[in-house]
Amino acid sequence: MEKRLIKKDALAGIAKKMAGDVLVWAPVKQEDNVLFKPLRADDEPFFAYLNSKNAPKNVFFPHTETLMKYTRTEKGMVFSEEVNDAPQSVLFGVRPCDAHSFVLLDKLFDQEKYKDGYYIAKRRNTTVITLACVKPPYTSCFCTSVDGEPVSSDGADILLTDIGGDYLVEFVTEKGEKLAKYFGDTQADAAADAKKNEIAAKAKEAIASKIPAHEVKPILDKNFDNPFWDTIHRKCLACGTCTYLCPTCHCFDISDEVTEVEGVRIRSWDSCMFPLFTKETSGHNPRTSQKERWRQRAMHKFKYYIDMFNAIACVGCGRCVMYCPVNIDIRKIVTDISKL
Amino acid sequence: MQNPYIPYPVVVDKIITEVDTKDIKTFRFKFVNPEDEAKYAYIPGQFGELSIYGKGESPIGIASSPTQKGYIEFTVQKAGVVTTALHEMEEGTLMGIRGPLGNSWPLEYLEGKNIVIVGGGFAFTTLRSMINYALHEDNRKRFGNITVVYGARNPGLLLYKEELEAWSKRSDINLNVTVDKGDATWKGREGFVPAVCKDVAPSKDNAVALICGPPVMIRFTLPVFFELGFSKENIITSLEMRMKCGIGKCGRCNVGSKYVCKDGPVFSLAQLDELTPEY
Ligand SMILES: Cc1cc2nc3c(=O)[nH]c(=O)nc-3n(C[C@H](O)[C@H](O)[C@H](O)COP(=O)(O)OP(=O)(O)OC[C@H]3O[C@@H](n4cnc5c(N)ncnc54)[C@H](O)[C@@H]3O)c2cc1C
Ligand code: SF4
Ligand code: SF4
Ligand code: FES
């Protein structure tokens, strides 16, 4: 597909121009954090960022989302409206690991038997523009261990790579090509391509954190009862930070909120780290302590998801590593499992 | 395509209080839009999410059989928020049901085989669906002998009393109803389900056992079936886990790599051996 070049300082202008036409989610500074936000006229996108604090999964799978509305009648509550609108959108400048997470979430929300229309509608109507990591932003990045790369078009419709003074713009899908008009008319030459490949190789080389993620599946298959599981959860606070920040965690709760005359049924993110997550009305809880909950988290990412969808459910973004208040490190856990 | 999160509107058509303690009722629903009944084509062993707007949803096994046309039934014990709201409902109230959800009793596998059905307490619901399905004139010849052992703590806690009576008069089903302790009017068996199973001693030949009940009943009944020579492939049960979505998305009900809502709730013991023992 087509490739073009744009001047580096033109990027913010392009995002803002797009935002005049469609909903654009872009990284913006908010106090000490960078978050993906719908770009408003007075917002300045911040493309010199490392990575966003929250994973951009909320664009497709919002933190809370209305599933349906209902109203009260004399004979009881009746379902009144199905809420499922998804405007044409652009997710502008996500990191390759996060773009990879969308491919993983698709496997769950867009599987054959049950389609999740809420997720799918937003995903279909959103064009993903990936901003490659020419220099891995954090020492905790380990994408190369989990089927990713710092310069990768996996999950992207357009890939932007900083090749010095210019961005190389690669249109990866037809959906991406539809936005070509925003990216000037300078065709990229073979030299630009060569430069990008060189940068990509260097970036990959620069990922220092490596884990044996592909080796642990057969070990996990056999070690559900290993005493190892008694060792990792002890300092866990069950705060759920790891799961809320994780780009691939998808667990949710469904609840009703109601006033006198009408109400909504919403879904909101939930976490397997919480004791109530699996507690039944009888009081029985199949996961009685943080030990079982941590085992679930590790198993889900490095075994169950492979059994279900033939893919590891971790993209190596390192958010859980950086933000766990008690420094529990999934990289160490996986490495330790590989030695069981 | 039907949005799996949106319930079909139903009206509470009939409420039957099943037990003396009044905390278990059978709810008969009719679809508000008659065409929804066909869309809700279900198989015995499947469940639905009973949906009360403003309260929430509860996963409940389908207690009627697809051979019973024009309505659908669920038998519900009053437990928490949703089930209590349901118990307070009156006939004529509007609500919703989602589904049908989950796999089912393995009808194809059961075809041509003798079926042994063992139920305890109010976990008898989807087994009742299976019995009514198999006894229906269109289906009876598809299955071999049908042996049923059903137990409750006392006679007042037996579900579906009229049906039990009707089944007991048929010659094409071997029905064994037992209570832990009888009362003045009880003329039937007394004794725990495992002991009655031992006594009835169904043959393992060409037979499959479907077993549902409280954990203690299951714990003591399984050894009886092992002793009778039933293989783990031919002992089949139905699991319960806390659920929300019912369609394998919300991540709540997994046992190992399987979601009980979507891949279950029905599993053979052989299948459960492959999973993690976390349920
Ligand atoms: C496949 C399946 C079939 C079932 N069949 C029956 C049946 O035929 N009859 C019957 O009386 N009960 C059945 N149950 C149990 C029933 O779902 C719970 O008793 C019920 O959800 C409690 O909800 P509540 O709102 O009254 O309680 P609360 O404690 O207020 O529950 C809040 C919510 O938690 C969830 N939840 C809590 N406990 C359970 C549980 N044990 N299983 C699943 N979700 C739970 C539900 O989403 C529920 O709405 C079944 C459960 C499953 C999984
Ligand atoms: S498990 Fe941690 S490193 Fe892996 S994708 Fe989730 S937040 Fe990132
Ligand atoms: S962030 Fe750390 S402390 Fe919090 S739940 Fe996750 S592992 Fe436990
Ligand atoms: S109930 Fe949501 S995954 Fe099973």
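Trainee: Residue-level account of the overall build of chain A, with values.
Mentor: Within chain A one finds 11 helices and 11 strands. Its C-alpha atoms give chain A a radius of gyration of 22 Å, near enough to 20 Å, the size a compact globule of 340 residues would have. Expressed along its principal axes, the backbone C-alpha trace of chain A runs to roughly 65 × 60 × 40 Å. The 340 residues of chain A split such that 56% are buried. The contacts of chain A with a sequence gap of at least 6 include a subset with a gap of at least 24, amounting to 72%. Carbon and sulfur atoms provide 50% of the accessible area of chain A, an area that totals close to 14,900 Å².

Trainee: Any details on the overall build of chain B? Residues and values, ideally.
Mentor: Within chain B, the regular secondary structure consists of 8 helices and 15 strands. A compact globule built from 279 residues would reach a C-alpha radius of gyration of about 19 Å, and chain B, at 18 Å, matches this within 12%. Referenced to the eigenvectors of the C-alpha coordinate spread, the extents of chain B come out at roughly 50 × 45 × 35 Å. The buried share among the 279 residues of chain B stands at 60%. Partitioning the contacts of chain B with sequence separation of at least 6, the portion at a separation of at least 24 is 68%. When the accessible surface of chain B is summed, it comes to about 11,400 Å², and 51% of that surface belongs to carbon and sulfur atoms.

Trainee: If you had to explain the packing of aromatic side chains to someone new, which residues and values would you point to?
Mentor: One pass over the structure, following the stated rule, counts 26 aromatic pairs over all chains. Aromatic side chains Phe61 of chain A and Trp269 of chain A sit 6.1 Å apart centroid to centroid with 35° between the ring planes, which places their arrangement in the tilted category. Taken together, the residues span a long stretch of sequence, with Phe61 of chain A in the loop between β3 (33-38) and β4 (64-73) and Trp269 of chain A in strand β11 (residues 262-269) at a distance of 208 residues. Taken together through their ring pairs, the aromatic side chains of Phe60, Phe61, Phe102, Phe109, Tyr118, Tyr119, Tyr244, Phe252, Trp269 and Phe274 of chain A together with Tyr5 of chain B make up a single cluster. The side chain of Arg267 of chain A reaches across the aromatic face of Phe252 of chain A, ending 4.7 Å from its centre. A cation over a ring is seen here: Arg128 of chain B above Tyr160 of chain B, with NZ or CZ 4.1 Å from the ring centre.

Trainee: So what's going on with the interface of chain A and chain B? Residues and values would help.
Mentor: Facing 45 residues of chain A, the contacting portion of chain B comprises 41 residues. Of the roughly 3,600 Å² buried between chain A and chain B, counting both surfaces, carbon and sulfur atoms make up 57%. If you look at where chain A meets chain B, you find 4 salt bridges. In this structure, Arg252 of chain B and Asp253 of chain A form a salt bridge, with 3.6 Å as the shortest nitrogen-oxygen distance.

Trainee: Summarise the site of ligand 1; cite the residues concerned and give the values.
Mentor: Taken together, 22 residues lie near ligand 1, and Thr281 of chain A together with Glu57, Pro59, Gln77 and Thr83 of chain B sit nearest. Surrounding ligand 1 are residues belonging to chains A and B, so the site spans chains. Taking Thr75 of chain B, its main chain carries an N or O atom lying 2.8 Å from a nitrogen atom of ligand 1. Within the side chain of Arg242 of chain B, an N or O atom sits 3.3 Å from an oxygen atom of ligand 1. Alone, ligand 1 offers 830 Å² of accessible surface; in the complex the protein occludes 88% of this. Breaking the shell around ligand 1 down by element, the ones donating at least two residues are β4 (56-61), β5 (72-77) and α2 (81-87) of chain B. A per-element tally of the shell around ligand 1 places β4 of chain B first, with 5 residues.

Trainee: Now, about the site of ligand 2: what can you tell me, with residues and values included?
Mentor: Residues in close proximity to ligand 2 include Phe142, Cys246, Pro247, Arg297, Lys301, Cys314, Val315, Gly316, Cys317, Gly318 and Cys320 of chain A, which together make up its full environment. Class assignment for the residues of the shell around ligand 2 results in 7 nonpolar, 2 polar and 2 charged.

Trainee: Please set out the sheet that holds strand β1 (residues 3-7) of chain A residue by residue, giving values where relevant.
Mentor: All names here are of chain A. Read across the sheet, 7 strands follow the order β1-β9-β8-β7-β6-β2-β3 without closing on themselves; strand pairing throughout is mixed. Every other strand in the sheet has two partners, leaving β1 and β3 as the edge strands with one partner each. In this sheet, adjacent strand axes meet at a mean angle of 25° when their direction is disregarded. For strand β2 (residues 23-30) and β3, the ladder comprises 6 bridges, and the chain directions are antiparallel. Within β3, the residue paired with Ala26 across the bridge is Lys37. Against the sheet, helix α1 (residues 11-21) touches β1, β2, β6 (89-94), β7 (126-131), β8 (158-162) and β9 (166-171), its axis set at about 165° to β6. On the sheet, helix α5 (residues 190-206) packs against β1, β8 and β9 and is oriented at approximately 95° with respect to β9.

Trainee: Tell me about the environment of Glu108 of chain B, residues and numbers included.
Mentor: All names here are of chain B. Topologically, Glu108 is positioned in helix α3 (residues 107-110). When its relative accessible area of 74% is taken as the criterion, Glu108 is described as exposed. The spacing of Glu108 and Gly120 is 12 residues in sequence and 25 Å in space, taken between C-alpha atoms.

Trainee: Lay out the nonpolar core with the relevant residues and their values.
Mentor: If you look at the biggest cluster of nonpolar residues, it comprises 94 residues, and the most contacted ones within it are Met18, Phe92, Ile129, Leu160 and Phe183 of chain A together with Ile211 and Phe225 of chain B. Considering each element in turn, this core owes the most residues, 7 residues, to helix α2 (residues 96-109) of chain A. Setting aside residues no more than four positions away along its own chain, Phe183 of chain A makes contact with Arg4, Leu5, Ile6, Ile14, Met18, Phe92, Ile129, Ile158, Leu160, Val169 and Phe171 of chain A. The next biggest cluster of nonpolar side chains, apart from the first, holds 35 residues, and it includes Tyr133, Leu159, Val179 and Val266 of chain B.

Trainee: Can you tell me about the pattern of salt bridges, naming the residues and giving the values?
Mentor: Going through the model one piece at a time under the given rule, you end up with 42 salt bridges over all chains. Between Lys204 of chain B and Asp205 of chain B there is a salt bridge whose closest N-O contact spans 3.6 Å. Each member of the salt-bridge network shares a partner with another, and the members are Lys3, Glu170, Asp193 and Lys196 of chain A.

Trainee: Describe in detail the confidence of the model for chain B, supporting the description with residues and values.
Mentor: Taken residue by residue, chain B gives an average pLDDT of 93. The fraction at 70 or more is 100%. Taken over the whole predicted complex, pTM reads 0.93, whereas the ipTM for its chain interfaces reads 0.91.

Conventions and cut-offs
Residues numbered from 1 in each chain as written. Chains lettered and ligands numbered in written order. Predicted model: local features only at pLDDT ≥ 70, side-chain atom pairs only at ≥ 80, totals over all residues. Heavy atoms only, no water. Helix = DSSP H or I, 4+ residues; strand = E, 2+ residues; numbered from the N terminus. Rg over C-alpha atoms; globule rule 2.2 N^0.38 Å. Buried < 20%, exposed > 50% of the residue type's maximum accessible area, 1.4 Å probe, protein only. Contact = heavy atoms within 4.5 Å. Areas by Shrake-Rupley, 256 points an atom, 1.4 Å probe, with all protein chains shown as cover. Phe/Tyr/Trp six-rings, centres within 6.5 Å; stacked < 30°, edge-to-face > 60°. Lys NZ or Arg CZ within 6 Å of the ring centre and 35° of its normal. Buried area = accessible area lost by both parts, 1.4 Å probe. Salt bridge = Lys/Arg side-chain N within 4 Å of Asp/Glu carboxyl O. Near = heavy atom within 4 Å. Polar contact = N/O pair within 3.5 Å; in protein donor to acceptor, adjacent residues only side chain to side chain. Nonpolar A, V, L, I, M, F, W, Y, C, P; charged D, E, K, R; others polar. Pairing = 2+ DSSP bridges. Axes fitted to C-alpha atoms, helices over the stretch in contact; angles between N-to-C directions. Core = buried A, V, L, I, M, F, W, Y, C linked by side-chain atoms within 4.5 Å. pLDDT = per-residue confidence, 0-100.

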